[in-house]
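A closer look at the structure
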Amino acid sequence: MTRKSQLHPVSRHGVVWLQWKLVIFLYVALSLLSLLCIHLQYYSVTMLETLSVAGSHIPPRKYPGDRPKVAFLFLTRRDLPLDFMWDRFFKGAVHSNFSVYIHSQPGFVFNEETTRSHYFYNRQLNNSINVSAQKQTLKNVTDYMVDVICKRAELGYNYGVILIPEGLIDFIPEVQELIAELNEILANEVVDENGLWKKKLFDLLPEAV
């Protein structure tokens, strides 16, 4: 009759030694990883210094005609409350590399009395149009934009950006009256048969409207 082999319990000393071996292994692994990170960081810094030295010998890029500039356009009702912040932003930059334009209320001039930054002096767009005050129609506004595009195309400027405020349509007097009329129809279900001008305006709008 064979005797079953008995499993001897692991001694406390063996458990402690195993824990120490694990700690030593982790310590060595972390040390090697730290040395590797330091080496990679030193290598990357060395490469950047090499590239910066090499880049210093690259001649400046030459552009045909005028040098490209960055244009900053500010849309505001009157003055610029954060002009001091933009003054710090522009400070130190080469003035010939950027342009500043301000679309403000017609007639509002940016000078020493209205702004704290000399970068905004007389940078307002003087051909701004107050749509509501001049009672511009929707057709007038669209014709004006088309005329500007055509004039630029004649000068060879076949590019550009048009910024149209979302609330522009609300300031057109005839559109305001049209909206008021539509609200009246929805409220009282009464249609003004004599409102021919409103029909012409409505026909001018896209079908999706």
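Residues numbered from 1 in each chain as written. Predicted model: local features only at pLDDT ≥ 70, side-chain atom pairs only at ≥ 80, totals over all residues. Heavy atoms only, no water.

Under the UniProt heading Subcellular location (unreviewed entry), the note attached to the protein chain is "Membrane". (UniProt positions renumbered as here; feature names shortened; annotations may be inferred.)

For the rest of this paragraph, the subject is unusual backbone geometry. At N122, a position not held by glycine, the phi torsion is positive, near 55 degrees. Mapped onto the elements of the fold, N122 is located in the loop between β2 (98–103) and α3 (138–154). (Helix = DSSP H or I, 4+ residues; strand = E, 2+ residues; numbered from the N terminus.)

What follows is about helix α4 (residues 173–188). An ideal rise of 1.5 Å per residue puts 22 Å on 16 residues; α4 measures up with 22 Å between its terminal C-alpha atoms. Among the residues of α4, those classed as buried are P173, E174, V175, L178 and E181. (Expected span 1.5 Å × (residues − 1). Buried < 20%, exposed > 50% of the residue type's maximum accessible area, 1.4 Å probe, protein only.)

Turning our eyes to something else, we now look at the layout of surface pockets. Taken as a whole, the largest pocket spans an internal volume of roughly 2,200 Å³. Taken together, 47 residues form the lining of the largest pocket, with L73, L75, H103, L125 and L163 sitting closest to its centre. Among the elements of the structure, β1 (70–75), β2 and α3 are those that each provide at least two residues to the lining of the largest pocket. No other element matches α3, which puts 9 residues into the lining of the largest pocket. (1 Å grid on protein atoms, 1.4 Å probe; cavity = no way out; pocket = protein on both sides within 12 Å on 5 of 7 lines; lining within 4 Å. Points joined across faces, edges and corners; volume = space filled by probe spheres on them.)

A few words now on the packing of aromatic side chains. For the structure shown, the criterion picks out 15 aromatic pairs. With centroids separated by 6.3 Å and ring planes inclined at 45 degrees, the aromatic side chains of F98 and Y119 adopt a geometry described as tilted. Placement of F98 in strand β2 and of Y119 in the loop between β2 and α3 is noted, with a sequence separation of 21 residues between them. One exposure class covers both F98 and Y119, and it is buried. Consider the rings of Y157 and Y159, whose centres lie 6.1 Å apart with planes at 70 degrees: the pair is edge-to-face. One aromatic cluster is present, built from ring pairs that chain together F72, F74, W86, F89, F90, F98, Y119 and F120. (Phe/Tyr/Trp six-rings, centres within 6.5 Å; stacked < 30°, edge-to-face > 60°.)

Of the strand pairs in this sheet, β1 and β2 are connected by 6 bridges, and their pairing is parallel. Pairing of L73 across the sheet is with Y101, part of β2. Running through helix α2 (residues 83–90), the crossover from β1 to the neighbouring parallel element β2 is right-handed. (Pairing = 2+ DSSP bridges. Right-handed = clockwise from strand over helix to strand, strands pointing away.)

Tracing the backbone through its elements, the reader meets S117 in the loop between β2 and α3. A polar contact of 2.7 Å, which involves the side chain of S117, links it to the side chain of D87. Discounting residues that sit within four places of it in the chain, S117 has contacts with D83 and D87. (Polar contact = N/O pair within 3.5 Å; in protein donor to acceptor, adjacent residues only side chain to side chain. Contact = heavy atoms within 4.5 Å.)

Take the nonpolar core next. Among the nonpolar cores identified, the biggest contains 11 residues, and these are F72, F74, L80, F90, F98, V100, I102, F108, F110, Y119 and F120. Of all elements in the fold, only β1 and β2 reach the threshold of two or more residues within this core. Sort the elements by how many residues they give to this core and β2 lands first, with 3 residues. Among residues more than four places away in sequence, those in contact with F74 are L80, W86, F90, V100, Y101, I102, H103 and F120. (Core = buried A, V, L, I, M, F, W, Y, C linked by side-chain atoms within 4.5 Å.)

With respect to the helices and strands, S99 occurs in strand β2. In this structure S99 comes out as buried when scored by relative accessible area, which is 12%. Beyond its immediate sequence surroundings of up to four residues, S99 is in contact with K69, V70, A71 and F72.

As for its position among the elements, R116 is in the loop between β2 and α3. R116 sits in the exposed class, given a relative accessible area of 56%. Remark: the alpha-carbon pair of R116 and L80, spanning 36 residues in sequence, is separated by 9.2 Å. Apart from the residues lying within four places of it in its own chain, the contact partners of R116 are L80, P81, D83 and F84. For R116, the side chain forms a polar contact with the main-chain oxygen of P81, separated by 2.9 Å. Within the local environment of R116, its side chain forms a polar contact with the side chain of D83, the two groups lying 2.8 Å apart.

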